[in-house]
2 protein chains.
Amino acid sequence: MATLVMQLLGCDVAALNTVHFSNHTGYGQFKGTRATAEQITELYEGLCQSHLTDFDVMLSGYAPSAAAVEAVGAIGMDLQRKAEKNPGSFFWVLDPVMGDQGRLYVNTDVVPAYKKIIHHADLILPNQFEAEVLSGIKITSLATLAEAITAIHATYNIPHVIITSVDLTRFSQSSSPPTTPPGSLAIIGSTTRSDGAPRLFRIDVPALDCYFSGTGDMFAALTVARLREAVFAADPALRTTKSWVSPDEVPATDLPLARSTVQVLASMHSVLEKTMEARDAELRAADTQGDEQLSAAERQRREHLRKSKAAEVRLVRNVQFLRQPTVTFRAHGWKKEDLPSSR
Amino acid sequence: MATLVMQLLGCDVAALNTVHFSNHTGYGQFKGTRATAEQITELYEGLCQSHLTDFDVMLSGYAPSAAAVEAVGAIGMDLQRKAEKNPGSFFWVLDPVMGDQGRLYVNTDVVPAYKKIIHHADLILPNQFEAEVLSGIKITSLATLAEAITAIHATYNIPHVIITSVDLTRFSQSSSPPTTPPGSLAIIGSTTRSDGAPRLFRIDVPALDCYFSGTGDMFAALTVARLREAVFAADPALRTTKSWVSPDEVPATDLPLARSTVQVLASMHSVLEKTMEARDAELRAADTQGDEQLSAAERQRREHLRKSKAAEVRLVRNVQFLRQPTVTFRAHGWKKEDLPSSR
């Protein structure tokens, strides 16, 4: 997912696969192998020995063990060291894949491994649960969300954060502003100011009633391409500024991070809508006759496999929505101090 | 290369990687791992258990051992068995990667492994050397080329063959027709008639003075997409005919194989021309100052690495040439009996 999306947006990608699985894990079963930390390191050494490390951006995602996270971290740090004479020439987007919906799906030792490397990254993309794990703050309101982001900026000295999906409708009514549309998700981002304060923006998008696999990787990959474009479209000084941190006077909604995220979400929304249409058609056409002879448990398993396959994100025929998104979303600036609940 | 090219042409690809290398082997050095036959088989079992094997086409390429070739062969045969009630619903393109320029670059036991599986494939894509290995006929003229293709059709009962690159200018003058343009390569293809006779076509393309890596995979991947399109554009009965073999009355130049190859070569020529321009610019801009302090051998090594990197095929920014090729090549029909040398 991540490799193809970046390629479709014009990036030349050196993909270092950390797993080799037959299918995504949402199917509930898969076969294949995980890369060891040694294999990850060896592939990077292969790139180094042939001088193939002139990367503009590194995107790191799921790594199958704490040692693998450390190996990926060492690669990011080495690339940063190689680029340190040219600020802004290398940018590391780190997706701290640890869990979702209140549950870790990695070994517990992966958490401290991430906590050790995150302060080297330029942008992290935790989901709500991962933001809680990293900040130590339970997110139950916009106020605690702002606190978590502020804490992440401060604790890890990380300039850019996007919390990729927050279900504001689950927050208590008092803290949720009346403008929250029903059935929508919020994406919350921030780039720090020089005093460490967050510049918070929020983008609401309609929630789609379907479980898609790979959307986290899709978001990350689109962000890699779009953020760099937005930085290059901004003040020319920005692209030679360490970590692409905009000057303090740039408001939240004018941040390259906000501008790029609006585009990223527009692309995703269109592709996922098209995927839902294709999924529905595929499920309507599905041959379920054989199912009748199966046990209830086996029938349920077949049904899950069929639904998982039908919901595979339709990328290759929907490239135009990645390249030229048409949907329009808006970023809104917000501050903890302005929230009704903190009055 | 193969995965991305098929994706760019609208195919959903399940890629089963047989090697995990840091870079292509043209650099002369690389690190990484090869998949074992067991790992290849296990990944396929993973697809089977989740009912993810409804493939229209399989493209098989380099496999790192005889056992791996057999494992890939078993996958192709299993997919054929699953599709046997619906002729034409599954098509296997096999690139018998064994060597080039008169030299094997696989273990010698890979050759008999290929010879065992090839008769199950629908189309094979040997280069000139591999065609010699498979046919047992040394190709030194158009006459021996025709004999080799005829032998491959007969020996392996394989309906479609393309010899992906033949340097006719190296043939003795008498056998080379006077129309061979200097500095050109010929691509020779054939689909059998029901009596086993080849329907030979030939497409001449300008040779580009550069060593590109991955062009065999690019050719194969483009062929997967374009051949299926050409079959679907032909007589509707063809797509439900086993192995998509056109009726005997279809002349060589009207074969879907000839029509698709013309398009494939047009795409390749444009992408490789753009690659050469980019390569030349990259080499002109290269910083070679540090080279002066190196030993002659080390300087040569650096130079080779630099040239290899500069010649990396530029795909992601040249997608339009894959999707809408503009160059025009022509397929010419020919017969062994019509050659000057056989008169």
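Residues numbered from 1 in each chain as written. Chains lettered and ligands numbered in written order. Predicted model: local features only at pLDDT ≥ 70, side-chain atom pairs only at ≥ 80, totals over all residues. Heavy atoms only, no water.

- In the annotation of an unreviewed UniProt entry, chain A is listed under the name pyridoxal kinase and assigned to Aspergillus coremiiformis.
- In UniProt, chain A has this text filed under Sequence similarities (unreviewed entry): "Belongs to the pyridoxine kinase family." (UniProt positions renumbered as here; feature names shortened; annotations may be inferred.)

## Considerations on the sheet that holds strand β4 (residues 91–94) of chain A
Phase 1 of the analysis: Strand order in this open sheet of seven strands is β3-β4-β7-β8-β9-β10-β11 (chain A), and the pairing throughout is mixed. A strand with exactly one partner marks an edge of an open sheet, and here the two such strands are β3 (57–60) and β11 (331–334) of chain A. (Pairing = 2+ DSSP bridges. Helix = DSSP H or I, 4+ residues; strand = E, 2+ residues; numbered from the N terminus.)

## Considerations on the sheet that holds strand β7 (residues 123–124) of chain B
Sheets are built from strands that pair by backbone hydrogen bonding, the pairs being arranged parallel or antiparallel.
Residues and elements named next belong to chain B.
Phase 1 of the analysis: A sheet is described by the order of its strands in space; here seven strands give the open sequence β3-β4-β7-β8-β9-β10-β11, paired in mixed fashion. Of all the strands in the sheet, the pair left with one neighbour each is β3 (57–60) and β11 (331–334).
Phase 2 of the analysis: Here nine bridges tie strand β9 (residues 184–192) to strand β10 (residues 198–206), and the two strands are oriented antiparallel to one another. Each residue of the ladder has a partner; that of I188, found in β10, is R202.

## Looking at the interface of chain A and chain B
Phase 1 of the analysis: Every contact between the two is made by 36 residues of chain A and, on the other side, 36 residues of chain B.
Phase 2 of the analysis: Approximately 3,100 Å² of surface area, both sides summed, lies buried where chain A meets chain B, with 55% of it carried by carbon and sulfur atoms.
Phase 3 of the analysis: Considering only the surface of chain A that becomes buried against chain B, K31(A), Q49(A) and V316(A) emerge as the three largest contributors, covering 18% of it.
Phase 4 of the analysis: On the surface where chain A and chain B come into contact, there are two salt bridges.
Phase 5 of the analysis: One salt bridge connects D54(A) with K309(B), and the closest N-O pair in it is separated by 3.1 Å.
Phase 6 of the analysis: The interface formed by chain A and chain B contains twelve residue pairs in polar contact (both at pLDDT 80 or more).
Phase 7 of the analysis: Of all the elements in the fold, those that place two or more residues in the side of chain A that touches chain B are α1 (2–8), β1 (19–21), β2 (32–34), α2 (37–49), α9 (296–310) and α10 (319–323) of chain A.
Phase 8 of the analysis: No other element matches α2(A), which puts seven residues into the side of chain A that touches chain B. (Contact = heavy atoms within 4.5 Å. Buried area = accessible area lost by both parts, 1.4 Å probe. Salt bridge = Lys/Arg side-chain N within 4 Å of Asp/Glu carboxyl O. Polar contact = N/O pair within 3.5 Å; in protein donor to acceptor, adjacent residues only side chain to side chain.)

## Considering the nonpolar core
Phase 1 of the analysis: Judged by nonpolar contacts, the single largest core of 102 residues is most densely connected at M218(A) and M218(B).
Phase 2 of the analysis: Those residues within four positions of M218(A) in sequence are excluded, and the remaining contacts are M1(A), V5(A), M268(A), V271(A), V313(A), L315(A) and L322(A). (Core = buried A, V, L, I, M, F, W, Y, C linked by side-chain atoms within 4.5 Å. Buried < 20%, exposed > 50% of the residue type's maximum accessible area, 1.4 Å probe, protein only.)

## Quick notes on the layout of surface pockets
Phase 1 of the analysis: Quantified by volume, the second largest pocket comes out at close to 670 Å³.
Phase 2 of the analysis: Of all the elements in the fold, those that place two or more residues in the lining of the second largest pocket are α3 (66–83) of chain A together with α8 (256–285) and α9 (296–310) of chain B.
Phase 3 of the analysis: Ranked by residue count, the leading element in the lining of the second largest pocket is α9(B), at four residues.
Phase 4 of the analysis: When its residues are assigned to classes, the lining of the second largest pocket shows seven nonpolar, four polar and seven charged. (1 Å grid on protein atoms, 1.4 Å probe; cavity = no way out; pocket = protein on both sides within 12 Å on 5 of 7 lines; lining within 4 Å. Points joined across faces, edges and corners; volume = space filled by probe spheres on them. Nonpolar A, V, L, I, M, F, W, Y, C, P; charged D, E, K, R; others polar.)

## Structural notes on unusual backbone geometry
For residues besides glycine, phi is generally negative; the peptide bonds are generally trans as well.
All names here are of chain B.
Phase 1 of the analysis: The phi torsion at H51 lies on the positive side, around 60°, for a residue other than glycine.
Phase 2 of the analysis: In this fold, H51 is placed in the loop between α2 (37–49) and β3.
Phase 3 of the analysis: Taking the relative accessible area as the measure of exposure, H51 reaches 37% and is therefore partly exposed.
Phase 4 of the analysis: Positive phi values are uncommon outside glycine, yet W244 reaches one of about 55°.
Phase 5 of the analysis: Mapped onto the fold, W244 is located in the loop between α7 (215–233) and α8.
Phase 6 of the analysis: When its relative accessible area of 3% is taken as the criterion, W244 is described as buried.

## Observations regarding the pattern of salt bridges
Residue and element names in this part refer to chain A.
Phase 1 of the analysis: If you walk through the whole model with that rule in mind, you get 32 salt bridges over all chains.
Phase 2 of the analysis: One salt bridge in this structure joins D204 and R202, with 3.2 Å as the shortest N-O distance.
Phase 3 of the analysis: For R202, a relative accessible area of 7% puts it in the buried group.
Phase 4 of the analysis: Connected through salt bridges with shared partners, the residues D78, R81 and K82 form a single ionic network.

## Some words on the packing of helix α7 (residues 215–233) of chain A against helix α8 (residues 256–285) of chain A
All names here are of chain A.
Phase 1 of the analysis: One can describe the packing of α7 onto α8 by two numbers: an axis separation of 8 Å at closest approach and a directional angle of 140°. By the angle between their directions, the pair α7 and α8 is classed as oblique. The element α7 and its partner α8 pack so that their crossing is right-handed. Contacts between α7 and α8 involve T215, M218, F219, L222, T223, R226, L227, E229, A230 and V231 from the former and P256, L257, S260, T261, Q263, V264, L265, S267, M268, V271 and L272 from the latter.
Phase 2 of the analysis: Grouping the amino acids of the contact of α7 with α8 by side-chain chemistry returns 13 nonpolar, six polar and two charged. (Axes fitted to C-alpha atoms, helices over the stretch in contact; angles between N-to-C directions. Parallel < 35°, antiparallel > 145°, perpendicular 65-115°, else oblique. Left-handed = near helix turned anticlockwise from the far one by under 90°.)

## Topic: the relation of the copies chain A and chain B
Here two copies of a chain appear, and what relates them is a rotation about an axis with a shift along it.
Phase 1 of the analysis: Mapping chain A onto chain B is achieved by rotating through 180° and translating by 0.0 Å along the same axis, at an RMSD of 0.0 Å. What the rotation and shift describe, once combined, is the action of a two-fold rotation axis. (Least-squares fit on C-alpha atoms with pLDDT ≥ 70 in both.)

## Here's the deal with the packing of aromatic side chains
Phase 1 of the analysis: Taken as a whole, this structure holds four aromatic pairs over all chains when the rule is applied.
Phase 2 of the analysis: When the ring of F21(A) is compared with that of F30(A), the centres are 4.3 Å apart and the planes differ by 35°; the resulting orientation is tilted.
Phase 3 of the analysis: For F21(A), a relative accessible area of 21% corresponds to the partly exposed category.
Phase 4 of the analysis: Accessibility expressed as a relative area gives 29% for F30(A), which makes it partly exposed.
Phase 5 of the analysis: For the ring pair F91(B) and W244(B), a centre distance of 4.2 Å and an interplane angle of 10° mean the geometry is stacked. Placement of F91(B) in strand β4 (residues 91–94) and of W244(B) in the loop between α7 and α8 is noted, with a sequence separation of 153 residues between them. (Phe/Tyr/Trp six-rings, centres within 6.5 Å; stacked < 30°, edge-to-face > 60°.)

## Things to note about the pairing of β9(B)
All names here are of chain B.
Phase 1 of the analysis: With eight of nine residues buried, β9 is to be regarded as a mostly interior element.
Phase 2 of the analysis: Here strand β8 (residues 160–166) runs beside β9; their pairing, made up of five bridges, is antiparallel. In the sheet register, V161 faces β9, and the bridge partner there is S190.
Phase 3 of the analysis: Linkage of β9 to β10, two consecutive antiparallel strands, is achieved through a turn of five residues, within which G196 is found at a positive phi near 90°.

## Observations concerning helix α3 (residues 66–83) of chain B
Residue and element names in this part refer to chain B.
Phase 1 of the analysis: When the terminal C-alpha atoms of α3 are compared, their 26 Å separation across 18 residues agrees well with the 26 Å that a helix rising 1.5 Å per residue should span.
Phase 2 of the analysis: Within α3, burial applies to A66, A68, V69, A71, V72, G73, I75, G76, D78, L79 and A83.
Phase 3 of the analysis: Here the buried face of α3 lies against α2, β3, β4 and α4 (110–117). (Expected span 1.5 Å × (residues − 1).)

## Examining the packing of helix α5 (residues 128–135) of chain B against helix α6 (residues 142–156) of chain B
Residues and elements named next belong to chain B.
Phase 1 of the analysis: Look at α5 against α6: their axes get within 9 Å of each other, and the N-to-C directions meet at 50°. Classed by the angle they form, the pair α5 and α6 counts as oblique. Judged by the sense of rotation from one axis to the other, the crossing of α5 with α6 is left-handed. Contact residues: A131, L134 and S135 in α5; A148, A151, I152 and Y156 in α6.
Phase 2 of the analysis: In the contact of α5 with α6, the residues fall into six nonpolar, one polar and no charged.

## With respect to the confidence of the model for chain A
Phase 1 of the analysis: Looking at chain A, pLDDT values average 94 and 96% of them are 70 or higher.
Phase 2 of the analysis: Reported for the predicted complex are a pTM of 0.95 and an ipTM of 0.94. (pLDDT = per-residue confidence, 0-100.)

## A short note on the environment of A15(B)
Phase 1 of the analysis: Tracing the backbone shows A15(B) in the loop between α1 (2–8) and β1 (19–21).
Phase 2 of the analysis: For A15(B) and L59(B), which are 44 residues apart along the polypeptide, the C-alpha to C-alpha distance reads 9.6 Å.

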